[in-house]
Amino acid sequence: MMLLAATAMEKLQKVPMQFWLKAALAVAIFIAAVILIKKIAGMNKAILGAIVFVLVTVIGFQWIYERNEPDWATPVVEKLANFFPSKGSYQNKQR
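Now for a quick tour of the structure. (Residues numbered from 1 in each chain as written. Predicted model: local features only at pLDDT ≥ 70, side-chain atom pairs only at ≥ 80, totals over all residues. Heavy atoms only, no water.)

**A few points about the overall build of the chain**
In plain terms, the rule: Secondary structure counts use DSSP, requiring at least four H or I residues in a row for a helix and at least two E residues in a row for a strand, with both numbered from the N terminus. Accessible area is worked out with a 1.4 Å probe on protein chains only. A residue is then buried under 20% of its type maximum, exposed over 50%, and partly exposed in between. Accessible surface is estimated by sampling points in the Shrake-Rupley manner with a 1.4 Å probe; for residues, cover comes only from the protein chains shown.
Across its full length, the chain holds five helices and zero strands. Each helix (α) and strand (β) of the chain, taken in turn from the N terminus, gives the series α-α-α-α-α. Per-residue burial over the chain gives 5% buried out of 95 residues. Accessible surface computed for the chain: about 8500 Å², of which carbon and sulfur atoms make up 73%.

In structure tokens, the structure reads:
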């Protein structure tokens, strides 16, 4: 049993420090997310809905204007970009 524990410790020592920092950061983010979700659960749902609406709208319009959306959002942004202005569209119409 001691031999097994010794080999496991040797393997753990070979793991780079960068991995342990990322793992600690992931655990901290998870804990913060749980605390945030508990706070949100007690919030007024109308205010929460307004906050989510504003965030989604700002992010969506930023994706449409800058055209820097993630790959999974490209089909929707492509269709919406026809109705909203995008970066450089004014100069293209002036030429």
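**Remarks on the pattern of salt bridges**
Proximity of charged atoms lets side chains of opposite charge pair with each other. To keep things clear, this is the line we draw: A side-chain nitrogen of Lys or Arg and a carboxyl oxygen of Asp or Glu constitute a salt bridge if their distance falls within 4 Å.
Throughout the structure, instances matching the rule amount to two salt bridges. With a closest N to O distance of 3.2 Å, Glu69 and Arg67 form a salt bridge. Owing to a relative accessible area of 33%, Arg67 belongs among the partly exposed residues under this scheme. Among the ionic pairs, Glu78 bridges to Arg67, the shortest N-O distance being 3.1 Å. Here the residue Glu78 occupies a position in helix 4 (residues 74-80), and Arg67 occupies one in the loop between helix 3 (45-66) and helix 4, the gap between them amounting to eleven residues. Connected through salt bridges with shared partners, the residues Arg67, Glu69 and Glu78 form a single ionic network.

**Some points on a nonpolar patch on the surface**
Keep this limit in mind: Note on patches: the residues involved have over 30% relative accessible area and no salt bridge, like charges join within 9 Å, and the nonpolar side chains Val, Leu, Ile, Met, Phe, Trp and Tyr join within 5 Å.
Judged by side-chain polarity, Met9, Leu12, Met17, Phe19, Trp20 and Leu21 come together as a nonpolar surface patch covering roughly 650 Å² of accessible area. Listed by contribution, the elements that provide at least two residues to the nonpolar patch are helix 1 (2-14) and helix 2 (17-41). Its location among the elements puts Phe19 in helix 2.

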